[in-house]
Structures are given as structure tokens and as C-alpha cells.
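A structural walkthrough
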Amino acid sequence: LIASCIDNDIPGNPASSERLYGGLDLGKLSDHTALALVNEDGGVFRLRLLKVYPTGTPYSAVVSELKALDRLYRLRAVAVDKTGVGEPIYEELSFSLSCRVYGVRFTQPFKARLMSGLKALMEAGKLRIPYDRTLISHLSSVELQLSPHGGMRVTHPGGTHDDAAVALALACWAASRRGGAATLL
């Protein structure tokens, strides 16, 4: 499924005229922070930029880079993980970016819907990604499992990461919003 999404014809850097949407998954000590920018055209989502930050990267550096990208590309919307330590990052970005910023709290039901939505885009042939080993590894590690209570849980095996996949899913979700609630609880 992942291989069917790879498009080697995606240009290297986004054009300043592209309509870009972002997804920011925050991590620091054991998980990476990941930032994805996608464009959407005719229902097809293309990954245009992916940055997976080394563990321990200060949030201030991530916020500064996202502000610079917003100035350069005039982002349309960004979905930000505001779970736990993400709340002050979400507040800072809401205040300083020129676009709509969606704050997302990662409950298991929301994360399951988010990742199921990404899988649905992949299955429908509506997600195009460049060949990127880190992204492919993160996408490959995502597992949807049935919880003991009958809901879906998103997991990944120990020693693997899903941060780039989550950032990509957030960016696609932001691009699909076109209005609506700015915060999911």
C-alpha cells in the first residue's frame, strides 16, 4: 500500500504559490517532533516537505522554523498536537502564524480516526509521497488494533516510531477541514 503512494516526480521544494497545509506532531525525549506540509489539489494530497527533528530539539527551534515556513509559503492551516506539553506550543502558534491553527488532543478514538483517514487516502490513491526512508519506516510501523473495550487503538512496536506518519496525517486532516472547529477535544 505504501509503495503505491510513492511518486518520484514530486518536485524537491514547494513553490511559493502552492496552497500548503501543515501537521506538527510533538515529541522530545523518546519521540521525535515531526513536521509535514502537504498540498491538496482535486482531492489528491501531496507531501511537499517533511522534517523529523532529532530527539531533544528545543520546541523554540521548531516554532521558529514553522514561523519561517509560514512567512515563506503563507500556510493555509496547521494542525498541532496539543496533548500534554503541546498546549503552550499550540497557543504560541495560534498567536503568531498567519493561518488557522487547529489544536488536536490525541485521544485514542481521535488518533484511530486520524490514521484510518490517512489509510483511506492511501487506499483510494489520493496520497502521493516522495520516496523517504524515514517516512516509509514510520508508516510501516503504524498498527491499528482492537482495544479490549471494542474501540480502535493506534500503536507501534517498541523501538519504532510513527511521528512522521502522524505529522502527515495531521497535515492531510488540516487540508481537508476547510472551516469547522479549531480545536478537537
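Refer to the structure presented above.
A short tour of the structure in this document, coming up. (Residues numbered from 1 in each chain as written. Predicted model: local features only at pLDDT ≥ 70, side-chain atom pairs only at ≥ 80, totals over all residues. Heavy atoms only, no water.)

We now examine the pattern of salt bridges. Across all of its chains, the model carries eight salt bridges by this definition. A salt bridge links Glu-92 to Lys-67; the shortest N-O distance between them is 2.7 Å. With Glu-92 in helix α2 (residues 86–96) and Lys-67 in helix α1 (residues 59–73), the pair connects residues that are 25 residues apart, well separated along the chain. Overall, Glu-92 belongs to the partly exposed group, its relative accessible area being 31%. The salt bridge partner of Arg-105 is Glu-87, with a shortest N-O separation of 3.4 Å. Of this pair, Arg-105 sits in the loop between β5 (100–104) and α3 (108–123) while Glu-87 sits in helix α2, and the two are 18 residues apart along the sequence. (Salt bridge = Lys/Arg side-chain N within 4 Å of Asp/Glu carboxyl O. Helix = DSSP H or I, 4+ residues; strand = E, 2+ residues; numbered from the N terminus. Buried < 20%, exposed > 50% of the residue type's maximum accessible area, 1.4 Å probe, protein only.)

Attention shifts here to the packing of helix α4 (residues 133–141) against helix α5 (residues 163–177). Across the interface, α4 lies against α5 with an axial gap of 7 Å and an inter-helix angle of 90°. Classed by the angle they form, the pair α4 and α5 counts as roughly perpendicular. In this structure, α4 uses Leu-135, His-138 and Leu-139 to contact α5, whose residues at the interface are Asp-163, Ala-164, Ala-165 and Leu-168. Across the contact of α4 with α5, the residue classes break down as five nonpolar, one polar and one charged. (Axes fitted to C-alpha atoms, helices over the stretch in contact; angles between N-to-C directions. Parallel < 35°, antiparallel > 145°, perpendicular 65-115°, else oblique. Contact = heavy atoms within 4.5 Å. Nonpolar A, V, L, I, M, F, W, Y, C, P; charged D, E, K, R; others polar.)

Enumeration according to the criterion identifies three aromatic pairs in this entry. Relative to Trp-173, the ring of Phe-110 has its centre 5.8 Å away and its plane inclined at 90°; by these criteria the two rings are edge-to-face. Of this pair, Phe-110 sits in helix α3 while Trp-173 sits in helix α5, placing them 63 residues apart in sequence. You can call Trp-173 buried: its relative accessible area is 15%. An aromatic cluster is defined as three or more aromatic residues linked by ring pairs; in this entry it consists of Tyr-102, Phe-106, Phe-110 and Trp-173. Over the ring of Phe-106 we find Lys-111, and its NZ or CZ is 5.5 Å from the ring centre. (Phe/Tyr/Trp six-rings, centres within 6.5 Å; stacked < 30°, edge-to-face > 60°. Lys NZ or Arg CZ within 6 Å of the ring centre and 35° of its normal.)

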